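Here's the letter readout for the chains.
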Amino acid sequence: MRVLMLSYEYPPEVVGGLGAAVSGLARALVHRGDHVHVVSASSTGDEAPQLLDGVMVSRSARTTFAERFDPYGSGGDSDFLRVAMEANFGLASRGFAEATRTEPYDIIHAHDWHSAFSAKSLKHALRIPLVFTVHSTEHGRNRGIHSDLQRYIHEIEWMGTYEAWRVICCSNYMSDELRRIFSLPEDKIDVIPNGVDQAAIPEPKVVDEIRSQYAGSGERLVFYVGRLVYEKGVHVLLSSVPKVLEEAANTRFVVAGDGYYAGVLREKAEKLRIGGYVSFTGRISDRERDALYAAADVAVFPSLYEPFGIVALEAMARGTPVVVSDTGGLREVVRHEKTGLKVYSGDADSLAWGIKRVLLDESLRTRLRENGPAEVRERFSWDRVADLTSCVYRRVLSEARSVPWS
Ligand code: NHF
């Protein structure tokens, strides 16, 4: 099978879970024997195709002019839209060049609204059926549609689902959401979870070195990593900190990542007078992230909206106990008391309860450390994701061949 994949982000230029998801899938498809060419956007300019872990990756410049903002910003910046639209021209022209230069592709697989216009153009120009994955929605991220810009993005997402032969999403929660907000028929949707890469175990020396930057030897460590945007609920984590400290005073918190909400969160930490207990690291390398997972007593993902939550899998795969919001895909990924704890979303008391339980109950920690990696190996391998995705491709191909369209 020859797959032309369109994604706004691809490693090493990763902003969030989308980049991880697309590369996990692309590499596993190649591992199965498929040919995958990812056309992606880049902040540093056009790049010739190169082979990354067997996946052919081309990048086109996101914009001809300087970017002055976070491309996944608050959704309130019209420049954000300009860049996304320019990126689509790049994806379409690069995709077209690749598709006509080599043997024909069987399937176009586009991810999220950022690539929906290029996907639609390529589908119609090349007469190749389109599969569209929705990783998250504007409606979900903003808890409704509250501005013209949000409505526009929402409509582009709808267009992607409309143009697609089949739509993939990563959880039953997302399937319900797509049916509700886009009136998408259930029989057009395939639910395929994400996977996670097997973790390399960091050297103890590196773990100690990185741990010592944030916590003393007798102190406990709570870790969050992800984009700092409202829907990830890091403000709820900060509200829970004083409540955790009441019973577990020797605890330190690390908040890693960046995003438009970083300033608000730092201010909140100051107002709560917990600055001495919480470290904001900004973006960290994979090496630091893995060392922090290994050093942490608990990893916390307090999302208000989470279509899937690859970060929770990352933590579980590394044997780090997790406390997550009982919402979205996280509800389906984590089994309460068995592979992690689930707490009420948006509720600092409930979150503090979960964090304290893990910190103060050693037998629970041991159980979660054992169950997490086993569960991830069994249910969430990228090879399984690629097999399921390949079934969707084959179904689409055979349907497309049996009708006059193609
Ligand atoms: O894991 C990849 C990622 C998800 O929940 C995540 C999200 C965006 O918000 O599918 O996409």
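Along each chain, residues carry numbers from 1 onward, in the same order as the chain's sequence is written. In keeping with the model being predicted, local features are shown solely for residues with a pLDDT of at least 70 and side-chain atom pairs are shown and tallied solely at 80 or more, while totals for entire chains, interfaces and linings include all residues. To obtain the side-chain values, all non-hydrogen atoms of the structure were included, while hydrogens and water were left out.

Structural notes on the overall build of the protein chain
Link 1 in the chain: A count of helices and strands for the protein chain gives 15 helices and 14 strands.
Link 2 in the chain: Note on method: radius of gyration uses C-alpha positions; expected globular size equals 2.2 Å times residues raised to 0.38. Here the C-alpha radius of gyration of the protein chain, 21 Å, is about what a compact globule of 406 residues would show, namely 22 Å.
Link 3 in the chain: Once the C-alpha set of the protein chain is aligned to its principal axes, its extents read approximately 70 × 40 × 40 Å.
Link 4 in the chain: Residue contacts follow a heavy-atom distance rule, with two residues in contact if any of their heavy atoms lie within 4.5 Å. Summarising the internal contacts of the protein chain: among those between residues at least 6 apart in sequence, 68% fall at separations of at least 24.
Link 5 in the chain: Calculation of accessible area relied on Shrake-Rupley with a 1.4 Å probe; when residues are assessed, cover is drawn exclusively from the protein chains displayed. In the form shown here, the protein chain has an accessible surface area of approximately 16,700 Å², with 50% of it arising from carbon and sulfur atoms.
Link 6 in the chain: In this tally, Lys and Arg are treated as positive and Asp and Glu as negative; His is ignored, and so are the chain termini. The atoms used to mark charge sites are NZ of Lys, CZ of Arg, CG of Asp and CD of Glu. Looking at the protein chain, you have 49 positive and 55 negative side-chain charges, and the mean spots of the two groups are 2 Å apart. Under the scheme used here, helices are H or I runs from DSSP no shorter than 4 residues and strands are E runs no shorter than 2 residues, and both carry numbers assigned from the N terminus.

What to know about the sheet that holds strand E2 (residues 35-42)
Link 1 in the chain: Two strands qualify as a pair provided that DSSP identifies no fewer than 2 bridges between them. Taken together, eight strands build an open sheet; the order of strands is E3-E4-E2-E1-E5-E6-E7-E8 and the sheet is mixed. Unpaired on one side and paired on the other, strand E3 (47-52) and strand E8 (189-191) mark the two borders of the sheet. Each strand of the sheet is rotated relative to its neighbour by a mean of 25°, with strand direction disregarded.
Link 2 in the chain: With four bridges joining them, strand E6 (residues 130-134) and strand E7 (residues 166-169) adopt parallel strand pairing. By the bridge assignment for E7, Val134 is matched with Cys169.
Link 3 in the chain: Here, axes are lines fitted to C-alpha atoms. For helices the fit covers the stretch in contact, and angles between N-to-C directions go from 0 to 180 degrees. Sitting on the sheet, helix H1 (residues 17-32) is in contact with strand E1 (2-7), E2, strand E4 (55-61) and strand E5 (107-111), with an inclination near 170° to E1.
Link 4 in the chain: Most of the contacts of helix H3 (residues 116-126) go to E1, to which it runs at about 150°, and overall it touches E1, E5 and E6.

Quick notes on helix H10 (residues 286-295)
Structurally, the α-helix is built with 3.6 residues per turn, so residues lying three or four positions apart point the same way.
Link 1 in the chain: We call a residue buried when its accessible area falls under 20% of the maximum for its residue type, exposed when it is over 50%, and partly exposed in between, using a 1.4 Å probe and counting protein chains only. Those residues of H10 that fall on the buried side of the exposure criterion are Arg289, Asp290, Ala291, Leu292, Tyr293 and Ala295.
Link 2 in the chain: Residues of H10 that are buried make contact with helix H7 (204-212), strand E9 (220-225), strand E10 (251-256), strand E12 (298-301) and helix H11 (310-317).

Regarding the packing of helix H8 (residues 234-247) against helix H13 (residues 348-360)
Link 1 in the chain: One way to put it is that H8 packs onto H13 with a least axis distance of 8 Å and a crossing angle of 50°. Here H8 lies oblique to H13, going by the angle between them. Every pair of crossing elements has a handedness; the one defined by H8 and H13 is right-handed. Together, Val236, Leu237, Ser239, Ser240, Lys243, Val244 and Glu247 of H8 and Ala348, Asp349, Leu351, Ala352, Ile355, Lys356, Leu359 and Leu360 of H13 make up the contact between the two elements.
Link 2 in the chain: The residue makeup of the contact of H8 with H13, split by class, is nine nonpolar, two polar and four charged. Orientation categories follow fixed angle ranges, with anything under 35 degrees roughly parallel, anything over 145 roughly antiparallel, 65 to 115 roughly perpendicular, and all other angles oblique. Here is the rule for handedness: rotate from the far helix to the near one, and if that takes an anticlockwise turn smaller than a right angle the crossing is left-handed, while a clockwise turn gives right-handed. Under this grouping Gly is polar, as are all residues other than the nonpolar Ala, Val, Leu, Ile, Met, Phe, Trp, Tyr, Cys and Pro and the charged Asp, Glu, Lys and Arg.

Concerning the domain arrangement of the protein chain
Link 1 in the chain: Residue ranges labeled as domains rest on an automatic or database domain assignment. Taken as a whole, the protein chain is organised into domain 1 (2-195 + 381-401) and domain 2 (204-379).
Link 2 in the chain: Placing a centre on the C-alpha atoms of domain 1 and another on those of domain 2 gives a separation of 29 Å.
Link 3 in the chain: Contacts between domain 1 and domain 2 engage 28 residues on the former and 18 residues on the latter.
Link 4 in the chain: Two parts placed together each lose some accessible area under a 1.4 Å probe, and the buried area is that loss summed for both. In this assembly, domain 1 packs against domain 2 so that about 1,700 Å² is buried in total across both faces, 56% of it on carbon and sulfur atoms.
Link 5 in the chain: When the buried surface of domain 1 facing domain 2 is broken down by residue, Arg141, Arg143 and Tyr173 rank first, second and third, together holding 28% of it.
Link 6 in the chain: Salt bridges are defined by distance alone: a side-chain nitrogen of Lys or Arg within 4 Å of a carboxyl oxygen of Asp or Glu. Where domain 1 touches domain 2, the interface holds zero salt bridges.
Link 7 in the chain: Here a polar contact means two N or O atoms within 3.5 Å. Within protein one must be a hydrogen donor candidate and the other an acceptor candidate, and residues neighboring in sequence count only if both atoms are side-chain atoms. Inspection of the domain 1/domain 2 interface yields eight residue pairs in polar contact (both at pLDDT 80 or more).

Quick word on the environment of Ile181
Link 1 in the chain: By the secondary structure assignment, Ile181 is in helix H6 (residues 172-182).
Link 2 in the chain: Taking the relative accessible area as the measure of exposure, Ile181 reaches 15% and is therefore buried.
Link 3 in the chain: Taking the C-alpha atoms as reference points, Ile181 and His139, 42 residues apart in sequence, are found 7.8 Å from one another.
Link 4 in the chain: Sequence-distant contacts of Ile181, that is, excluding residues within four places in its chain, are made with Thr137, His139 and His154.

Thoughts on the pattern of salt bridges
Link 1 in the chain: What the rule picks out here adds up to 30 salt bridges.
Link 2 in the chain: Between Arg32 and Asp34 there is a salt bridge, and its shortest N-O distance comes to 3.3 Å.
Link 3 in the chain: Arg32 gets classed as partly exposed once you look at its relative accessible area, which sits at 36%.
Link 4 in the chain: A relative accessible area of 10% places Asp34 in the buried class.
Link 5 in the chain: Close ionic contact of Arg379 with Glu375 constitutes a salt bridge, the shortest N to O distance being 2.6 Å. Of this pair, Arg379 and Glu375 are both found in helix H14 (residues 362-379), four residues apart, which corresponds to roughly one turn of the helix.
Link 6 in the chain: Arg379 gets classed as partly exposed once you look at its relative accessible area, which sits at 29%.

Considerations on the site of the ligand
Link 1 in the chain: By convention in these notes, a residue is near a molecule or strand provided one of its non-hydrogen atoms lies within 4 Å of it. The immediate surroundings of the ligand are formed by Gly17, Ala21, His135, Asn194, Lys232, Glu306, Pro307, Phe308, Gly309 and Ile310.
Link 2 in the chain: Asn194 places a polar side-chain atom, nitrogen or oxygen, 2.9 Å from an oxygen atom of the ligand.
Link 3 in the chain: Measuring from an oxygen atom of the ligand, one finds a backbone N or O atom of Gly309 at 3.0 Å.
Link 4 in the chain: Here the ligand loses 93% of its free accessible area of 300 Å² to cover by the protein chains.
Link 5 in the chain: Classifying every residue of the shell around the ligand gives four nonpolar, four polar and two charged.
Link 6 in the chain: Mapped onto the domain boundaries, the shell around the ligand takes at least three residues apiece from domain 1 (2-195 + 381-401) and domain 2 (204-379).

Looking at H1
Link 1 in the chain: In a helix, the anticipated span is given by 1.5 Å times the number of residues less one. Compared with the 22 Å implied by 1.5 Å per residue over 16 residues, the 23 Å span of H1 between its first and last C-alpha is a close match.
Link 2 in the chain: Contacts made by the buried residues of H1 are with E1, E2, E4, E5, H11 and helix H15 (382-401).
Link 3 in the chain: In the stretch just after H1, Gly33 is the one whose phi turns positive, near 110°.

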